[in-house]
Amino acid sequence: MKDEERKIYGGFLIVPLKYDDGGLNTDALENVGRPITPTTMDLNENVKAMLNHTGSASVGRGYICPAGRLCSVLGENITYFTVADEKVSYDFLLNDSYIYVFNTRVAFLCLSLSFDRMEALKTIINPGWAFNPAKFFFHSGEETVGFSMENWLADILAPMGLRKFFDGDSSYLLDYYVYNFALVPEWFDELEPMKKLTFNLHKMLSLDVTLEDEAEEDVRFVYAAKNQDMKAYRWGCCVTSQTISYVVADDKMDLDAQMDIQAADGLPVVMLALYEKYTCLRFTELITDIHRKELKRLKELMLNFRAFGTVTPANLSRWHNVKQIYAGLLDVNDIPTAIEDISVKLSIIADRQEAIDHARSETVVNLVTVFGIVSIMASVLTIVQILASGSALVWISTILTAAMLVLVVTLAILRR
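Rules used in this analysis
- Residues numbered from 1 in each chain as written.
- Predicted model: local features only at pLDDT ≥ 70, side-chain atom pairs only at ≥ 80, totals over all residues.
- Heavy atoms only, no water.
- Buried < 20%, exposed > 50% of the residue type's maximum accessible area, 1.4 Å probe, protein only.
- Helix = DSSP H or I, 4+ residues; strand = E, 2+ residues; numbered from the N terminus.
- Pairing = 2+ DSSP bridges.
- Contact = heavy atoms within 4.5 Å.
- Axes fitted to C-alpha atoms, helices over the stretch in contact; angles between N-to-C directions.
- Parallel < 35°, antiparallel > 145°, perpendicular 65-115°, else oblique.
- Left-handed = near helix turned anticlockwise from the far one by under 90°.
- Lys, Arg positive; Asp, Glu negative; His and termini not counted.
- Salt bridge = Lys/Arg side-chain N within 4 Å of Asp/Glu carboxyl O.
- Expected span 1.5 Å × (residues − 1).
- Phe/Tyr/Trp six-rings, centres within 6.5 Å; stacked < 30°, edge-to-face > 60°.
- Lys NZ or Arg CZ within 6 Å of the ring centre and 35° of its normal.
- Patch = residues over 30% accessible without salt bridge, like charges linked within 9 Å, V, L, I, M, F, W, Y side chains within 5 Å.
- Areas by Shrake-Rupley, 256 points an atom, 1.4 Å probe, with all protein chains shown as cover.

Visitor: Just checking my understanding: could you explain the pairing of strand E1 (residues 8-18) for this structure?
Guide: Along any regular strand the residues' side chains alternate between the sheet's two faces. With respect to burial, E1 is a largely interior element, ten of its eleven residues being buried. The pairing of E1 with strand E10 (residues 177-184) spans seven bridges and is classified as antiparallel. Each bridged residue has a counterpart across the sheet, and for Ile8 the counterpart in E10 is Leu183. Across ten bridges, the pairing between E1 and strand E6 (residues 106-115) is antiparallel. From the neighbouring strand, Ile14 faces E6, where its bridge partner is Cys110. Sheet topology places E1 next to strand E9 (residues 163-164); two bridges connect them, and they run antiparallel. What sits directly across from Leu17, in E9, is Lys164.

Visitor: What am I meant to see in the side chain of Asn321 here?
Guide: Here Asn321 shows up in helix H10 (residues 320-332). Setting aside chain neighbours within four positions, we find Asn321 in contact with Val222, Tyr223, Ala224, Ala225 and Trp235.

Visitor: What's the story with the packing of helix H7 (residues 255-287) against H10 in this structure? I'm lost.
Guide: Two quantities define a packed helix pair, namely the angle between the axes and the distance from one axis to the other. Between H7 and H10, the least distance of the axes is 10 Å, while the angle of their chain directions is 25°. Judged by the angle between their axes, H7 and H10 are roughly parallel. H10 is crossed by H7, and the crossing has right-handed handedness. Residues Val269, Val270, Leu272, Ala273 and Glu276 of H7 touch H10, and the partners they reach there are Val322, Tyr326, Leu329 and Leu330.

Visitor: For this particular structure, what's the right way to read the side chain of Asp250?
Guide: In this fold, Asp250 is placed in the loop between strand E13 (243-249) and H7. Buried charge Asp250 goes without a salt bridge, the closest partner of opposite sign being Lys252 at 6.7 Å. The residues contacting Asp250, other than those within four sequence positions of it, are Leu183, Val184 and Pro185.

Visitor: Looking at this structure, how should I read helix H6 (residues 191-202)?
Guide: Owing to its 3.6 residues per turn, the α-helix aligns residues three or four sequence positions apart on the same side. The terminal C-alpha atoms of H6, which comprises twelve residues, lie 17 Å apart, in line with the 16 Å expected from a rise of 1.5 Å per residue. By the burial criterion, the buried members of H6 are Met194, Leu197, Thr198, Phe199, Asn200, Leu201 and His202. Tucked inside the fold, the buried residues of H6 contact E1, E10, strand E11 (220-223), strand E12 (235-239) and E13. Positive phi appears at Met204, one or two residues downstream of H6, with a value of about 60°.

Visitor: I'm lost on unusual backbone geometry in this one. Help?
Guide: At Asn77, a residue that is not glycine, the phi angle is positive and equals roughly 55°. Position of Asn77 relative to the elements: it lies in the loop between helix H3 (67-71) and strand E4 (78-84). Residue classification places Asn77 among the exposed positions, given a relative accessible area of 64%.

Visitor: Teacher, can you tell me more about the packing of aromatic side chains here?
Guide: For any pair of aromatic rings, the description rests on two quantities: the centre-to-centre distance and the angle between the ring planes. Under the defined criterion, the tally for this structure stands at 18 aromatic pairs. Between Phe12 and Tyr98 the ring centres are 6.2 Å apart and the planes differ by 70°, which places this aromatic pair in the edge-to-face class. In this pair, Phe12 is assigned in strand E1 and Tyr98 in strand E5 (residues 89-102), connecting sequence segments 86 residues apart. Aromatic pair Phe165 and Phe166: ring centres 5.0 Å apart, planes at 80°, arrangement edge-to-face. The class of Phe165 is buried, set by a relative accessible area of 4%. A residue is classified by how much of its surface remains accessible, and Phe166, at 38% relative accessible area, is partly exposed. Aromatic ring contacts, followed pair by pair, group Tyr100, Phe102, Phe108, Phe165, Phe166, Tyr275, Tyr278, Phe283 and Phe305 into a single cluster. Residue placement shows Lys164 over the ring face of Tyr172; its charged tip is 5.9 Å from the ring centre.

Visitor: What is the right way to look at the environment of Phe137 in this model?
Guide: Tracing the backbone through its elements, the reader meets Phe137 in strand E7 (residues 135-140). Take Phe137: its relative accessible area is 26%, and that puts it in the partly exposed class. Taking the C-alpha atoms as reference points, Phe137 and Phe147, separated by ten residues in sequence, lie 5.8 Å from one another. Other than its neighbours up to four places away in sequence, Phe137 contacts Tyr80, Phe81, Thr82, Ala84, Thr144, Val145, Gly146 and Phe147.

Visitor: I would appreciate a short explanation of the environment of Pro38 in the present structure.
Guide: Of note, Pro38 is situated in the loop between strand E2 (34-36) and helix H2 (45-50). On a C-alpha basis, the gap between Pro38 and Asp256 in space is 19 Å, while along the polypeptide they are 218 residues apart. Leave out the neighbours within four places in its chain, and Pro38 touches Lys48, Leu51 and Asn52.

Visitor: Would you mind going over a nonpolar patch on the surface with me for this structure?
Guide: A contiguous nonpolar patch, built from Met404, Leu407, Leu411 and Leu414 and spanning about 430 Å² of accessible area, is present on the exposed surface. With a relative accessible area of 44%, Leu407 lands in the partly exposed category.

Visitor: Got a minute to help me understand the pattern of salt bridges in this structure?
Guide: Side chains bearing opposite charge may pair, as long as their charged atoms lie close to each other. Inspection of the entire model under this criterion finds eleven salt bridges. Between Arg282 and Asp20 there is a salt bridge; the shortest N-O distance is 3.5 Å. Taken together, the positions of Arg282 in helix H7 and Asp20 in the loop between E1 and helix H1 (26-32) put the pair 262 residues apart, joining distant regions of the chain. Among the residues examined, Asp20 registers a relative accessible area of 38% and is labelled partly exposed. In this structure, Arg220 and Asp331 form a salt bridge, with 2.6 Å as the shortest nitrogen-oxygen distance. Here Arg220 is found in strand E11, whereas its partner Asp331 is found in helix H10, with 111 residues between them in sequence. Under the relative-accessibility criterion, Arg220 is labelled partly exposed at 29%. The exposure class of Asp331 is partly exposed, given its relative accessible area of 43%. Three or more residues joined by partner-sharing salt bridges are found here, namely Lys18, Asp20, Arg163, Asp167, Arg282 and Glu285.

The following block contains the structure:
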């Protein structure tokens, strides 16, 4: 474990996105990726149905996007990438990646990356800063070409109708979520080594660095159950508000296989939590500039989200540690409070709109009442004029008509 070359790093750089009502181009999306059906046993069947694009209970769907298709936007026969800052440069690979699209007008691009040094990921996103001075290059044969990460992502996503979650000049990578992991060849006899290694991954540092930071309070650690045959632990993870980091023991050190496992088992859990978080942010954005016609639809969307689109940790999985991971994601991001807050805001706006509609209705009723009174007065004057100059037949007809009206009203009151 002391040999740096024996450690293999990989992960998913998750970029939050959004789309407008009716603005999602599914044809362009399916041209880039193909729909996937959840197969993991870490989720209960009803939860997997939420991510099944063919199910009636679906709240979203996932697509696997071949790396070659994503790279083709830049050029042909791209073999690997390089990220460089003012001092150092790191190489990394782009693997088959994922796009998750949810019914609440939010989506996520999950770029699947692998690298020899964890610092490569840190250089790509420059955590803690709004500006990233890093430069990106791709390698095609003997050729090295610089490119803009922002333009590349925009060229991929814009045809689908997907755009940055936060408007303005901010970077696609400003508001990110990192799902990273490292492979080690040996199982762990104790929990403490896993705790230290996953915390290093959270900080995007090499595993052999010694680091402690007691200032961080939004950290949750979850571990695999102890294997009774091996009398050791196979994996551990560190959950924070912007990262989830795994260290996994694999004697074969098969990165490709582990990428597939993490994508199938771990990524859907993270997607469900982030979908809930960013749905609340999206609703907050929508209700600040909402039109009366859209209020009813947005309220229905929110009610469906609360009733069918959220999952509690108790209902997520049959495995306790998976529930703990999901509960940690909800806790450190304060998602239950956000859901409650957006519900209150939407209720306030709905009540306000009802009050406005009620006031308008009262105004119309008052106008109708005024015109009705004037009409009645005009009718009475007309009747008086007719009776004053009318014959006996007119009087008899009027009296009989009035009697019939009184009789009908009396019978209606008695039947009521």
